[in-house]
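Below are the chains, spelled out letter by letter.
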Amino acid sequence: MKAAQVVKYNAPYSITTVPVPTSHELGPYDLVVKVAVASHCHTDGMVRSGIFGTKLPCTGSHEGAGTVVLVGSSVSDFKPGDRVMCGLPLHPCGKCLDCTSSPEAKQRQYCTQVDGHIGIHIDGCFAEYVRVDARSSTPVPDTVSLLSAAPLACAGRTVWRAVEQAELKAGQWLAIVGSGGGLGHLGVQFAKAKGLKVIGIDARDEGLSLTKESGADVVVDARKGKDEVVKEVQRVTGEQGGADATITLADVDSAAALACAVTRMHGTMVQIAQPEEVMIPFGELIFRDIRIKGSVLCSPEESRAMMRFIAEHGISVKTVPFHGLDKIHELVQTVEKGMIQGKAVIVVDKEQIEREKELGVRY
């Protein structure tokens, strides 16, 4: 099969031919998925630069969706023909505290004894077929398209949990720093559908436009500078002096400090972006008592809840499709120019997308 692989750090993807995963390679909980759509994520650039020490060659993309073609012997909740959003962790241990510590095991995605994560340590979704773990994969409702499901595999799962970690009630203020990107525009919609008031902060014309399009109550241009952004947020939030919680999705050095500054005293900042260092003035932690949380992906149960929520509330995923794996270089160039709105995706198998029309896909 054709695949787009990282064969050398800090170099373009190589379009190669690799073996198709077979039934002989399946673990008891594995699936082989015929990929319909594979999405590009910021993390893919980190893989290509060698940050994760990925053993090369490795097929890229940890965001994929498609149709199940093979199932392992212990898989009970998927069968061939099912539409699926691919899971990232492959083979969690099932025994550590993160796998077993709560009734819903809502920290299972933190298991450190996994074999790896697809597209990061193990061959991913920039290919015609991919092997994934059924236990971390999610059924796709008939109303949700595979074009939307692929970006949701990481971007959606990650920002869904971030909004959940903010622990706000309807009517409270949530600020999002980096609101007009692939994660941000989903976070705005998730928060609005939960009844929150949303302040979107971005530093790109495209990002500000998408923030407004996604339904933010207030849109703030970060290019005005920290002091002006804080004043604007404090003006709209009134006496409480800032957002009840803030999510940081931008990875520029100043983003975390700005996120804390626009958050009210004793509020929460959820850090999602992954700069090499998260820089926050001590005064935000000590004198303003800003509570910092980190968050990654979703547990399997949270991922299913996200999909039900999307099917119920009609969350729209902004995608920029490129057709065929041969378009990977064009996709990367477009992303690196910083002009894209939403998520760049590769349509690997257009026939699966065409067949969805019979299902009544809406989102």
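Look above for the structure.
Calculation criteria
- Residues numbered from 1 in each chain as written.
- Predicted model: local features only at pLDDT ≥ 70, side-chain atom pairs only at ≥ 80, totals over all residues.
- Heavy atoms only, no water.
- Pairing = 2+ DSSP bridges.
- Helix = DSSP H or I, 4+ residues; strand = E, 2+ residues; numbered from the N terminus.
- Axes fitted to C-alpha atoms, helices over the stretch in contact; angles between N-to-C directions.
- Buried < 20%, exposed > 50% of the residue type's maximum accessible area, 1.4 Å probe, protein only.
- Expected span 1.5 Å × (residues − 1).
- Bend = angle between axes of the 7 residues up to and from the residue.
- Parallel < 35°, antiparallel > 145°, perpendicular 65-115°, else oblique.
- Left-handed = near helix turned anticlockwise from the far one by under 90°.
- Contact = heavy atoms within 4.5 Å.
- Salt bridge = Lys/Arg side-chain N within 4 Å of Asp/Glu carboxyl O.
- Phe/Tyr/Trp six-rings, centres within 6.5 Å; stacked < 30°, edge-to-face > 60°.

## Section: the sheet that holds strand β15 (residues 263–271)
- Spatially, 6 strands are ordered β13-β12-β11-β14-β15-β16 in an open sheet, and the strand pairing comes out parallel. At either margin of the open sheet sits one strand with a lone partner, and together these are β13 (218–221) and β16 (291–294). For this sheet, the mean angle separating the axes of adjacent strands, direction not counted, is 20°.
- Looking at chain direction, β15 and β16 are connected through 4 bridges and run parallel.

## Quick notes on the pairing of strand β14 (residues 243–248)
- Among the 6 residues that make up β14, 6 are buried, leaving the element largely enclosed by the rest of the structure.
- Taken together, the 4 bridges between strand β11 (residues 173–177) and β14 define a ladder with parallel strand orientation. Looking at β14, one finds that Leu174 is bridged to Ala245.
- When β14 meets β15, the two strands line up parallel, connected through 5 bridges. Directly across from Thr246, in β15, lies its bridge partner Met269.

## Some points on helix α3 (residues 146–166)
- The terminal C-alpha atoms of α3, which comprises 21 residues, lie 28 Å apart, in line with the 30 Å expected from a rise of 1.5 Å per residue.
- At Leu152, α3 shows its maximal kink, close to 65°.
- Counting buried positions along α3 gives 19 out of 21 residues, so the element sits mostly inside the fold.
- Where α3 terminates, the next one or two residues include Glu167, which has phi positive at roughly 55°.

## Regarding the packing of α3 against helix α4 (residues 184–193)
- In the contact formed by α3 and α4, the axes pass within 9 Å of each other and the chain directions differ by 45°. By the angle between their axes, α3 is oblique relative to α4. With respect to the hand of their crossing, α3 and α4 are arranged in right-handed fashion. Contacts between α3 and α4 involve Leu152, Ala155, Gly156, Val159, Trp160 and Val163 from the former and Leu186, Gly187, Phe190 and Ala191 from the latter.

## Let's talk about the pattern of salt bridges
- Within this structure, the stated rule accounts for 24 salt bridges.
- Across the pair Asp205 and Arg223 runs a salt bridge whose closest N-O atoms are separated by 2.6 Å. Linking Asp205 in helix α5 (residues 205–213) with Arg223 in the loop between β13 and α6 (226–237), this pair joins segments that are 18 residues apart in sequence.
- Here Lys327 ties to Glu330 by a salt bridge, and the two come within 3.8 Å at their closest N and O atoms.
- Using a relative accessible area of 37% as the deciding quantity, one classes Lys327 as partly exposed.

## With respect to the packing of aromatic side chains
- In total, this model carries 5 aromatic pairs according to the counting rule given.
- On the basis of an interplanar angle of 85° and a centroid distance of 5.6 Å, the ring pair of Tyr13 and Phe126 is categorised as edge-to-face. Of the two residues, Tyr13 is situated in the loop between β1 (2–6) and β2 (14–17) and Phe126 in the loop between β8 (116–117) and β9 (129–133); the sequence distance between them amounts to 113 residues.
- Here Trp160 and Phe309 contribute two aromatic rings whose centre-to-centre distance is 4.9 Å and whose plane-to-plane angle is 55°, an arrangement assigned as tilted. Taken as a pair, Trp160 in helix α3 and Phe309 in helix α9 (residues 300–313) lie far apart in primary sequence, 149 residues in all.

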